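An overview of the molecular structure
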Amino acid sequence: SMMAWVFVCVISGTNVLNCLHTYLISGMAKDVQDDLNFDSGLQYGLLVGPMFVLAKTISAAPIGKLLEISNRMQLLSACVLVWSLAVALSGFAQNYQQLLLLRIIQGVAESGCVPIGQSLLFDIAPPGTLGTAMAIYNTGVYIGFGLAIGAGANFSKIFGWRTTFIAAGLLGIPYALLLAIGFRDPAKVGRGTVHAPMKMVHRTATSDFVSTWLTSPGLLLLCLGCALRNSGGTIWGYNMSLFYQERGVPVDVLAEWLSWLPMVAGVIGSLLGGFFGDKVIKWAPDRGRLFLLVFSCALSAPLMALALILPAPYCFLCLIPGYAAAEMWLGVAMTIMVGLVPDHMRTSSVALYLFIVDNLGSIGLLVVAPVRVEFGTLYSMLALVPGVYLLSGVIFYSIQPLVSRDIVKAKLANKTIEEDGDAKMKEVEIPNEETPIIPERGFTDEIQRPPRIGVCRQTRSQSAFTPRVRLRRRTRAPSFVDVLDMVQVDVCWHRGHQCMTCTCTRPCRF
């Protein structure tokens with residue numbers, strides 16, 4: 001219906017705000033650094049990198065637990081309100097420490113945006129249109145990034161960085177109220193019945209999970225290559241505006257190109273990655289997608305190098321195909337990763353993979369300043385963006401035999417679990433809250449007392465030892481894998497079923 005698509009667009013708007021507020025500081029980094037008197041190296045790297053990303057990833061598990069027990073619209077509204085207030089208050093920061101604290105608060109609140117938004121889309125999208133709804137939602141990444149780099153730099157030049165922070169933050173406050181008042185959480189009755197008819201629990205021992213990862217060198221090296229590739233993209237995203245301004249590109253020219261270029265090129269790259277990923281798997285089932293990663297890195301590296309060397313506007317013309325080729329890697333790498341672990345470990349493995357890739361990738365921001373001092377701005381960016389792309393491509397190419405071996409091992413593990421009914425890792429169907437426990441005849445948890453005369457009539461077929469049905473909540477201590485499963489991720493891979501969000505099949509675990 002029309003209202004369902006209105007709901008999809010409103011939820012997608014939260015992703016636009018999320019990326020706009022995340023990258024807003026990169027569009028006016030030079031003005032903020034000059035005013036608050038902090039360097040563009042270690043301090044700026046911590047501000048936009050490890051501190052922000054670590055706060056975002058650590059808070060993902062508590063947000064995931066709240067998502068199971070709270071009203072999702074109210075929780076999303078609260079997250080938007082908190083991070084918008086943090087952005088608005090950033091305009092009043094008087095020193096670096098205050099800005100860093102507000103940035104950490106912003107990261108904690110933003111950790112709930114994507115999982116809550118995708119969970120809502122899963123329930124509200126009309127039948128057969130979930131892929132379209134998710135595509136609309138994911139375009140918010142590129143729209144928000146383009147607005148932050150282009151419009152952020154332009155507004156900072158006209159009104160100042162403080163006013164830009166305040167205006168961008170205040171923009172999210174009425175949006176949070178709209179979410180809280182204007183829309184309701186879709187009914188949770190029958191939630192996930194179309195895509196996942198049963199609530200499934202994966203009994204995965206922490207020791208088995210850790211052992212699987214440590215004995216899968218292809219998986220570990222894939223995470224290393226993806227972390228390097230993510231590091232190059234993160235360095236470029238947070239230093240693009242600063243680099244071009246130092247190269248003498250006027251702010252108005254920068255805003256004119258970067259306000260639309262990331263959005264268009266990013267969408268094209270994502271679509272191409274998905275299309276070619278499905279094609280190459282028919283050509284080479286085990287290594288096809290890995291070859292696509294190598295191709296993406298090899299093609300994007302020289303184009304990004306030209307985007308750094310050439311003057312405007314030719315640098316931006318090279319940036320369009322370079323950015324499109326570079327954005328092909330993310331979904332392809334995720335698809336490869338989930339094929340390297342057994343089915344019952346996929347959800348936990350995706351959470352751990354994202355934690356490794358995001359945090360290790362953010363550390364790359366800390367090496368920008370030392371390399372810049374040693375080699376200069378141009379050569380440092382050439383080494384840290386296209387150079388890192390090439391290095392990650394070399395890693396992807398060299399790990400092909402290891403990845404093929406890990407794929408075979410994962411398939412054998414899945415076959416073993418399916419054949420062995422007594423395997424430790426198996427899925428059981430349980431209700432969300434309570435499970436009826438029926439004790440054997442003659443055994444109850446309570447002392448059986450004979451009925452009082454005149455109070456309860458007992459037929460001949462009923463005896464004092466008739467088993468009683470007692471409702472008891474099953475609980476167990478949370479394990480390391482449970483914590484990973486609480487982390488909401490973009491793509492959830494449940495055994496025998498692939499859906500778009502984890503929450504559709506996640507019960508209350510403990």
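Keep in mind the model is a prediction, meaning the values are calculated, not measured. (Residues numbered from 1 in each chain as written. Predicted model: local features only at pLDDT ≥ 70, side-chain atom pairs only at ≥ 80, totals over all residues. Heavy atoms only, no water.)

1. A short note on the side chain of serine 349
Quick reminder of the rule: Under the scheme used here, helices are H or I runs from DSSP no shorter than 4 residues and strands are E runs no shorter than 2 residues, and both carry numbers assigned from the N terminus. The contact criterion used throughout is that any non-hydrogen atoms of two residues lie within 4.5 Å.
With respect to the helices, strands and loops of the structure, serine 349 is situated in helix α18 (residues 346-363). When sequence neighbours within four positions are dropped, the list of residues in contact with serine 349 reads Phe209, Trp213, Met337 and Val341.

2. Some details on the packing of aromatic side chains
Note the threshold: Pairing of aromatic rings covers Phe, Tyr and the six-membered ring of Trp, with a centre-to-centre limit of 6.5 Å; geometry is then stacked below 30 degrees between planes, edge-to-face above 60, and tilted otherwise. A simple rule labels every residue: compare its accessible area, found with a 1.4 Å probe on the protein chains alone, to the largest value its type can have, and call it buried under 20%, exposed over 50%, or partly exposed in between. Only Lys NZ and Arg CZ are tested; either one counts as a charge over a ring when it is within 6 Å of the ring centre and within 35 degrees of the ring normal.
By the definition in use, this model includes 13 aromatic pairs. Ring centres of phenylalanine 7 and phenylalanine 183 lie 5.6 Å apart, and the angle between their planes is 75 degrees; this geometry places the pair in the edge-to-face category. Placement of the pair is phenylalanine 7 in helix α1 (residues 2-27) and phenylalanine 183 in the loop between α10 (161-182) and β1 (200-202), with a sequence separation of 176 residues. Given a relative accessible area of 14%, phenylalanine 183 falls into the buried group. Summarising the aromatic geometry, the rings of tryptophan 257 and tryptophan 260 are spaced 5.8 Å apart at their centres and angled 35 degrees between planes, so their arrangement reads as tilted. The exposure class of tryptophan 257 is buried, given its relative accessible area of 16%. Residue classification places tryptophan 260 among the partly exposed positions, given a relative accessible area of 33%. Over the ring of tyrosine 389 we find arginine 229, and its NZ or CZ is 4.1 Å from the ring centre.

3. Quick look at the environment of lysine 56
With respect to the helices, strands and loops of the structure, lysine 56 is situated in helix α4 (residues 50-58). Classification of lysine 56 by relative accessible area gives partly exposed; the value is 25%. Apart from residues no more than four positions distant in its own chain, lysine 56 is found in contact with Asn18, Thr22, Gly107, Glu110 and Ser111.

4. Details of the pattern of salt bridges
Here is the rule we go by: Any carboxyl oxygen of Asp or Glu that lies within 4 Å of a side-chain nitrogen of Lys or Arg is treated as forming a salt bridge with it.
For the structure shown, the criterion picks out three salt bridges. In this structure, the salt-bridge partner of arginine 162 is aspartate 35, at a minimum N-O distance of 3.5 Å. In this pair, arginine 162 sits in helix α10 while aspartate 35 sits in helix α2 (residues 29-36), placing the two residues 127 residues apart along the sequence. The partly exposed category is assigned to aspartate 35, whose relative accessible area is 43%. Across the salt bridge formed by arginine 72 and aspartate 185, the nearest N and O atoms sit 2.7 Å from each other. Note that arginine 72 is positioned in helix α6 (residues 72-90) and aspartate 185 in the loop between α10 and β1, a separation of 113 residues in sequence. Take arginine 72: its relative accessible area is 0%, and that puts it in the buried class. On the basis of relative accessible area, aspartate 185 is assigned to the buried category, the value being 16%.

5. As for the state of the cysteines
Where we set the bar: In this description, a disulfide is simply a cysteine sulfur pair whose atoms lie within 2.5 Å.
Enumeration according to the criterion identifies zero disulfides in this entry. With no disulfide of its own, cysteine 19 has cysteine 113 as its nearest cysteine by sulfur position, at a separation of 7.5 Å.

6. Observations regarding the packing of α1 against helix α12 (residues 217-246)
Going by this rule: To get an axis, a line is fitted to the C-alpha atoms, and for a helix only the part in contact is used. The angle between two axes follows their N-to-C directions and goes from 0 to 180 degrees. Orientation labels follow simple angle bins: below 35 degrees gives roughly parallel, above 145 gives roughly antiparallel, 65 to 115 gives roughly perpendicular, and whatever is left gives oblique. What makes a crossing left-handed is the near helix being turned counterclockwise from the far one by less than a right angle; a clockwise turn instead makes it right-handed. Gly is put with the polar residues, along with every residue not named as nonpolar or charged; the nonpolar set is Ala, Val, Leu, Ile, Met, Phe, Trp, Tyr, Cys and Pro, and the charged set is Asp, Glu, Lys and Arg.
Between α1 and α12, the shortest axis-to-axis distance is 7 Å and the interhelical angle comes to 25 degrees. It follows from the interaxial angle that α1 and α12 lie roughly parallel. Our pair here, α1 against α12, has a crossing hand that is right-handed. Here Thr22, Tyr23, Ser26 and Gly27 of α1 come into contact with α12, specifically with Gly237, Tyr238, Ser241 and Gln245. Per-class residue counts for the contact of α1 with α12 are two nonpolar, six polar and no charged.

7. Overview of the environment of threonine 57
Rules: Pairing of N or O atoms within 3.5 Å defines a polar contact, subject to two protein rules: one partner must be a possible hydrogen donor and the other a possible acceptor, and residues neighboring in sequence count only if both atoms are side-chain atoms.
By secondary structure assignment, the location of threonine 57 is in helix α4. By relative accessible area, which is 16% here, threonine 57 ends up buried. Along the backbone, threonine 57 and valine 108 are 51 residues apart, and their C-alpha atoms lie at a distance of 8.0 Å. What threonine 57 contacts, discounting residues up to four positions off in sequence, is Phe355, Asp358 and Asn359. Of the polar contacts made by the side chain of threonine 57, one reaches the side chain of asparagine 359; its length is 3.4 Å.

8. Structural notes on the environment of valine 357
Structurally, valine 357 is set in helix α18. For valine 357, a relative accessible area of 4% gives the class buried. The spatial distance from the C-alpha of valine 357 to the C-alpha of arginine 229 is 8.9 Å, given a sequence separation of 128 residues. Ignoring any residue separated from it by four or fewer positions in sequence, one finds valine 357 in contact with Cys223, Cys226, Ala227 and Asn230.

9. Topic: α10
What counts is decided by this rule: Helices are assigned an expected span. That span is 1.5 Å times one less than the residue count. To obtain the arc, one takes the directions from the helix axis to the C-beta atoms.
The end-to-end C-alpha distance of α10 is 32 Å, a good match for the 32 Å that 22 residues give at a rise of 1.5 Å each. Buried within α10 we find Trp161, Thr164, Phe165, Ala168, Gly169, Gly172, Ala176 and Leu179. Along the long axis of α10, the arc covered by the buried residues comes to 115 degrees, so they all point the same way. Every exposed residue of α10 that faces more than 90 degrees away from the buried side is listed here: Pro174 and Ile181.

10. Focus on the confidence of the model for the protein
Under the convention used in this document: You can read pLDDT as the predictor saying how much it trusts each residue, on a scale of 0 to 100.
Per-residue confidence for the protein averages 77 on the pLDDT scale, and 76% of its residues sit at or above 70. Every residue in residues 422-475 is under pLDDT 50, and counting partners more than four places away or in other chains gives 64 contacts.

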